[in-house]
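# Observations on the model geometry
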Amino acid sequence: MTTRRDFMGQWAGIALASLSSLTPTTLLAITQTPDVQTLTLTARPAAIQVGPDGTQPTQLWCFNGQFPGPEIRVRQGDRLRVRFVNQLPQPSSIHWHGIRLPNNMDGVPGLTQDPVPPGGEFVYEFDCPDAGTFWYHPHFNSAEQLGRGLIGALVVEEKAPLAVDHDLTWVLSDLRVDTQGRLNESFTNRHDQAHAGRIGNVVLINGSITDRFMLPGPSRIRLRLIAATNARLFELRLKDVKNASAHLIAIDGHPIAPQAVSEAIDLAPGQRVDLLIDLDANGSFGIEDHAYPRNAYKLAEIRGVGTQQSVSKAYKTKITRLPNNPVPPVASTALQTARSVPLVITGGAMSRAMRADGIWQINGHAMTDHRKEDLHHMKPNFKLRLGEVVQLQLENQTAWFHPMHLHGVVFQQVMADQTLGPYRDTILLSPGQKMTVAMRADIPGLWMIHCHVLEHQHSGLMGYFSVES
Ligand SMILES: [Cu+2]
């Protein structure tokens, strides 16, 4: 098994940290009223020491000079007010991935707002109805802006927080850099667009190459994983588990019935999972990534140390399901009578559907570069009435993976027996895969539907749907 240090070639280094020291800086909101959290996010270039000592700082674009950006934490039901300041050399915006919010706060230039110009500002203000693990990033020239480092975690805590000793977030990202730490700037090159996207050569946990973690045990840990890569997929397997256990408790922010982790955890760009881990004082386990079998590597090794008592007293206590979020359910009667909408994905390398005006298409239409144009003149892929339930027939006719993300809604896979899978906002379609998902249109507006491989999005794999009241 290759370790992440081997994998990163000359970027070897002793990289050992206590698990908690590597959590992203939490942005402490200035509370103006009891339930409104107010903060400022400034996007600007910054030099960040990503590689080990002796390498150059990497020139990135960051929120508040941090990579990843500061973790925003609010309580479920809180109102979040973010003053966004754009100090980048190009227009930008912020999209709040997975948050169900009013359409004009969704952060999609050309569709829900004007781009925020260099030197400009925009105030986002919305309630956070659902608890869970979410994230934020620009939605303008996304392949370059996220590829340069504009990513951050948004955690909405339950009204009654889960008893744990450590509530940790790992923002998983990758960068394409040379051995000196210089960023490869060939964003949206045609090869990346037509193939698997921009996959970096250095995988980072919270912007760090650290891969060994120690934690006082025994303890119960909530570990929130966010796949914030442009294109890299993860297939995470626990290895050499000793005096430790892990349960999956939430997917894309939304609770599921807790299940012991026995198989690989698939994470595609945009997706999140929450794990609940019990780690004894002498416990340990590794996390390997097998998404690309010939390049499997060890993402992290976690080890308990010490003989301290579990402070929360939660260690090895019964794991109960988190309370459901207030998502209006899809009634089975509504599901049976729901309209079917086909969404057929074509294009990419090795396809006859690759065209000059766009490498990828949804239903034969490529919505390409939206940097300059207004999207309103383009027709929505489908229109829904407020409250309408719809079945989307997703079909991937390409030879490539596509994690499809819908804004403004959560959806559920319709299984063969007509039961519904867990709520998701991003779902991975394998090459050739067909899948039906059901959703209820609950917020009026124009909502993006796109591949979260950002190079695919950039070259045609996006569209939108409208919800009319
Ligand atoms: Cu894609």
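These lines cover the structure that appears in this document, whether it is placed above or below. (Residues numbered from 1 in each chain as written. Predicted model: local features only at pLDDT ≥ 70, side-chain atom pairs only at ≥ 80, totals over all residues. Heavy atoms only, no water.)

A few words on the overall build of the protein chain. Broken down by element type, the protein chain carries 5 helices and 34 strands. Within the protein chain, the fraction of its 469 residues that count as buried is 59%. Within the protein chain, contacts between residues at least 6 apart in sequence are counted, and of these 77% link residues at least 24 apart. Of the accessible surface of the protein chain, which amounts to about 17,900 Å², a share of 51% is contributed by carbon and sulfur atoms. (Helix = DSSP H or I, 4+ residues; strand = E, 2+ residues; numbered from the N terminus. Buried < 20%, exposed > 50% of the residue type's maximum accessible area, 1.4 Å probe, protein only. Contact = heavy atoms within 4.5 Å. Areas by Shrake-Rupley, 256 points an atom, 1.4 Å probe, with all protein chains shown as cover.)

Moving on, we get to the sheet that holds strand β26 (residues 389–396). If you walk across this open sheet you meet the 6 strands as β23-β22-β26-β31-β28-β29, and the pairing is mixed. The open sheet is flanked by β23 (360–362) and β29 (420–424), the only strands paired with a single partner. On average, adjacent strands in this sheet sit at an angle of 25 degrees to one another, irrespective of strand direction. One ladder, built from 3 bridges, connects strand β22 (residues 339–347) with β23; its direction is antiparallel. What sits directly across from Thr346, in β23, is Gln361. (Pairing = 2+ DSSP bridges. Axes fitted to C-alpha atoms, helices over the stretch in contact; angles between N-to-C directions.)

Right, let's talk about the coordination of the copper ion for a bit. Geometrically, a metal with four donors at the corners of a regular tetrahedron has ideal angles of 109.5 degrees, and one with six donors at the corners of a regular octahedron has ideal angles of 90 or 180 degrees. Protein-derived ligands of the copper ion are His402 (ND1), Cys451 (SG) and His456 (ND1), with the metal-ligand distances lying across 2.0 to 2.1 Å. Here the donor residues of the copper ion share one chain and are spaced in sequence as H-x48-C-x4-H. With His402 in strand β27 (residues 402–406) and Cys451 in strand β32 (residues 445–451), the pair connects residues that are 49 residues apart, well separated along the chain. Each member of the pair His402 and Cys451 is classed as buried. (Donors = N, O, S within 2.8 Å, 3.2 Å for Na, K, Ca; no water.)

It is worth spelling out the packing of aromatic side chains at this point. Counted by the stated rule, this structure contains 7 aromatic pairs. Judged by centre distance (5.6 Å) and plane angle (70 degrees), the ring pair of Trp96 and Tyr124 falls under edge-to-face. Taken together, the residues span a long stretch of sequence, with Trp96 in strand β9 (residues 95–97) and Tyr124 in strand β10 (residues 121–127) at a distance of 28 residues. The buried category is assigned to Trp96, whose relative accessible area is 0%. We classify Tyr124 as buried; its relative accessible area is 0%. Taking 5.3 Å as the distance between ring centres and 55 degrees as the angle between the ring planes, the aromatic pair formed by Trp96 and Phe126 counts as tilted. Of this pair, Trp96 sits in strand β9 while Phe126 sits in strand β10, and the two are 30 residues apart along the sequence. For Phe126, a relative accessible area of 1% translates into the label buried. Feature note: the residues Phe63, Trp96, Phe122, Tyr124, Phe126 and Tyr136 constitute an aromatic cluster, connected by ring pairs. Positioned above the aromatic ring of Trp61 is the side chain of Arg148, whose terminal nitrogen or guanidinium carbon lies 4.6 Å from the ring centre. (Phe/Tyr/Trp six-rings, centres within 6.5 Å; stacked < 30°, edge-to-face > 60°. Lys NZ or Arg CZ within 6 Å of the ring centre and 35° of its normal.)

Here we have 5 strands laid out as an open sheet, ordered β25-β34-β32-β27-β30, and mixed in their pairing. Unpaired on one side and paired on the other, β25 (382–385) and β30 (426–429) mark the two borders of the sheet. Sheet twist, expressed as the mean angle between neighbouring strand axes with direction ignored, is 20 degrees. Pairing between β27 and β30: 4 bridges, direction antiparallel. Directly across from Met404, in β30, lies its bridge partner Ile427.

Considering all chains together, one arrives at 29 salt bridges under this definition. Three or more residues joined by partner-sharing salt bridges are found here, namely Glu71, Arg73, Arg75, Glu157, Glu158, Asp167, Arg222, Arg224 and Asp274. (Salt bridge = Lys/Arg side-chain N within 4 Å of Asp/Glu carboxyl O.)

You can see Arg224 is positioned in strand β16 (residues 219–227). Linking Arg224 and Thr169, residues 55 residues apart in sequence, is a C-alpha distance of 4.6 Å.

Right, let's talk about the side chain of Asp130 for a bit. Here Asp130 shows up in the loop between β10 and β11 (132–137). The contact partners of Asp130, leaving out residues within four places of it in the chain, are Gln76, Arg100, Val156, His254, Asn325, Pro326 and Val327.

For the rest of this paragraph, the subject is the pairing of strand β5 (residues 36–48). Across 8 bridges, β5 lies against strand β8 (residues 79–86) in parallel orientation. Bridge pairing links Leu39 to Val82 in β8. Pairing of β5 with strand β6 (residues 58–63) involves 6 bridges; the strand directions are antiparallel. Bridge pairing links Ala46 to Leu60 in β6.

This paragraph deals with unusual backbone geometry. In this model, Phe67 is joined to Pro68 through a cis peptide bond whose omega is -5 degrees. Within the secondary structure, Pro68 is located in the loop between β6 and β7 (69–75). Omega for the bond connecting Gly217 with Pro218 falls within 30 degrees of zero, at 0 degrees, which places this linkage in the cis form. Mapped onto the elements, Pro218 comes out in the loop between β15 (212–216) and β16. Of note in this structure, Asn64 is not a glycine but carries a positive phi near 55 degrees. Within the secondary structure layout, Asn64 lies in the loop between β6 and β7. The partly exposed category is assigned to Asn64, whose relative accessible area is 21%. We note that Gln418 has phi near 75 degrees; this positive angle belongs to a residue other than glycine. Positionally, Gln418 belongs in the loop between β28 (411–414) and β29. The class of Gln418 is partly exposed, set by a relative accessible area of 47%.

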